[in-house]
Amino acid sequence: MTHSITVLGIESSCDETAVAVVRRDATGTHVLSSVIHSQVMQHKAFGGVVPEIAARSHVETIDDLAARALAEAGQPPLDLVAATSGPGLIGGVMVGLSFAKGFALARNLPLIGINHLEGHALSARLSEDVAFPFLLLLISGGHCQLLSVTGVGDYARLGTTIDDAAGEAFDKIAKVLGLGYPGGPALEAEALKGDAARFTLPRALLGRKDCDFSFSGLKTAAALIAYDHVKTAQDRADLCAGVQAAITRQLVERSERAMALFKAQVTVSRPAFVVAGGVAANQAIRAALTTVADRNGFELKAPPLKYCTDNAAMIALAGLEHYEKLSQEGHQAALPDMNVGMATVARPRWPLDEISAANAPIHKYSGRKGAKA
Ligand code: KG4
Ligand code: ZN
């Protein structure tokens, strides 16, 4: 590669406002700046993200954040603006996307709308040279899915949740146990003090052999145990340990099935198994996934936490990778056309693998399996 590409990325799909500048040149991929404003304190009192508060907070912070990101990056000349245009909380997505459109228009830059999930899918490539194809487990507060990532824009969904995301299960169970928000880290800390074998918790979708997830049964079971049996700090720690073990077991089982499917489709000697999303911060889950990756001939790669949770560097990178792909394919003429990005609309739901989502819009059994997934 002889030239360099510099991209401004914008992310506002949930409760983090984020702006980043990412450059790729002959020496590699460089995050010139990545600033994040977390709204967690604004939502804490409500035990979860309140969409209207989130949207207002994005409006209030995005200008300053963009100015900071550009200043920290040294005000570089830009080639492209990339903004999350879905899926997510629609008010927030609209704020980031509208800002991006205004910025791109003012600077006469092309704009590309990015699928937030694609940002997560490619995020491991921010910090190291993870080659395609790889298997991805995305475990966040909003998403829980297994994807085969063959190249930029080429994603096949192998499994998804039919109800809650893994992080959502952590958060909701933690809320019932009075552990506050976000619940994942608090539940993990409690689990360290508990006995995972004390309470019997259900295993989801036992009769099925696919890679789908379900956490609603676990959530209900944990809530019932909490009401009836959790009286002391030790009871609570034991339930936390059991819940964490149950979530871990499900993630491991489905990942192992997806590894078999992936290996049947591609011939790579030791492919990467990338784990992204906030839940990847959980040490017990990381350890279990490392073991299952080793056992199946995969190399576990987890992006550094700052790129694992929501950020704009991953959105900038996704934009950059699309831009590069167009250039490499000789579609230079298409690049100015990326101004059609101006017509991009914000989407609350936007499956990364549109074909799988179209083929399975409603789950065959119970539960939801649609565009959110
Ligand atoms: O990726 P992320 O920052 O935001 C999105 O949802 O997109 O993920 C946040 C989720 C929350 O549900 C949070 O409880 C969970 O990740 N999480 C954890 C841990 N740290 C964050 N879950 C379990 N254990 C953790 N240590
Ligand atoms: Zn996310």
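Just above, that's the structure.
None of these values were measured; they are calculated from a predicted model.

## Quick notes on the pattern of salt bridges
Pairing between side chains becomes possible if they bear opposite charge and their charged atoms approach one another. A full pass over the atoms with the stated rule returns 20 salt bridges. Between glutamate 324 and arginine 24 there is a salt bridge, with its nearest N and O atoms 2.6 Å apart. Of this pair, glutamate 324 sits in helix H12 (residues 313-328) while arginine 24 sits in strand E2 (residues 16-25), placing them 300 residues apart in sequence. Take glutamate 324 and arginine 24: they sit in the same class, and that class is buried.

## Side note on the coordination of the zinc ion (ligand 2)
Here the zinc ion (ligand 2) is held by His116 (NE2), His120 (NE2) and Asp310 (OD), and the distances to it run 2.1 to 2.2 Å. Around the zinc ion (ligand 2) sit four donor atoms, and with donor-metal-donor angles ranging over 86 to 136° the site reads as irregular. Counting the intervening residues between successive donors of the zinc ion (ligand 2) yields the motif H-x3-H-x189-D. Of the two residues, histidine 116 and histidine 120 both sit in helix H4 (residues 116-122), four residues apart, roughly one turn of that helix. The exposure class of histidine 116 is buried, given its relative accessible area of 3%.

## Concerning the pairing of E2
Burial analysis of E2 places nine of its 10 residues in the buried class, the great majority of the element. Sheet topology places strand E1 (residues 5-11) next to E2; seven bridges connect them, and they run antiparallel. Note on E2: the bridge partner recorded for glutamate 11 is alanine 18. With antiparallel pairing between neighbouring strands as the criterion, E1 and E2 make up a hairpin whose turn holds four residues. Bridge count for E2 against strand E3 (residues 28-38) is 10 bridges, and the pairing is antiparallel.

## A few points about the site of ligand 1
By nearness alone, 17 residues border ligand 1, and Gly141, Asp171, Glu188, Gly278 and Asn282 come closest of all. A distance of 3.1 Å separates an oxygen atom of ligand 1 from a polar atom in the side chain of aspartate 310. In the complex, 88% of the free accessible area of ligand 1, which totals 550 Å², lies under the protein chains. Elements represented by at least two residues in the shell around ligand 1 include exactly helix H6 (166-176) and helix H7 (183-191). Counted by class, the shell around ligand 1 contains five nonpolar, nine polar and three charged residues.

Conventions adopted
Residues numbered from 1 in each chain as written. Chains lettered and ligands numbered in written order. Predicted model: local features only at pLDDT ≥ 70, side-chain atom pairs only at ≥ 80, totals over all residues. Heavy atoms only, no water. Salt bridge = Lys/Arg side-chain N within 4 Å of Asp/Glu carboxyl O. Helix = DSSP H or I, 4+ residues; strand = E, 2+ residues; numbered from the N terminus. Buried < 20%, exposed > 50% of the residue type's maximum accessible area, 1.4 Å probe, protein only. Donors = N, O, S within 2.8 Å, 3.2 Å for Na, K, Ca; no water. Tetrahedral: all angles 85-135°; square planar, octahedral: opposite > 155°, others 65-115°. Pairing = 2+ DSSP bridges. Near = heavy atom within 4 Å. Polar contact = N/O pair within 3.5 Å; in protein donor to acceptor, adjacent residues only side chain to side chain. Areas by Shrake-Rupley, 256 points an atom, 1.4 Å probe, with all protein chains shown as cover. Nonpolar A, V, L, I, M, F, W, Y, C, P; charged D, E, K, R; others polar.

As far as function goes, none of this settles anything; it's purely spatial.
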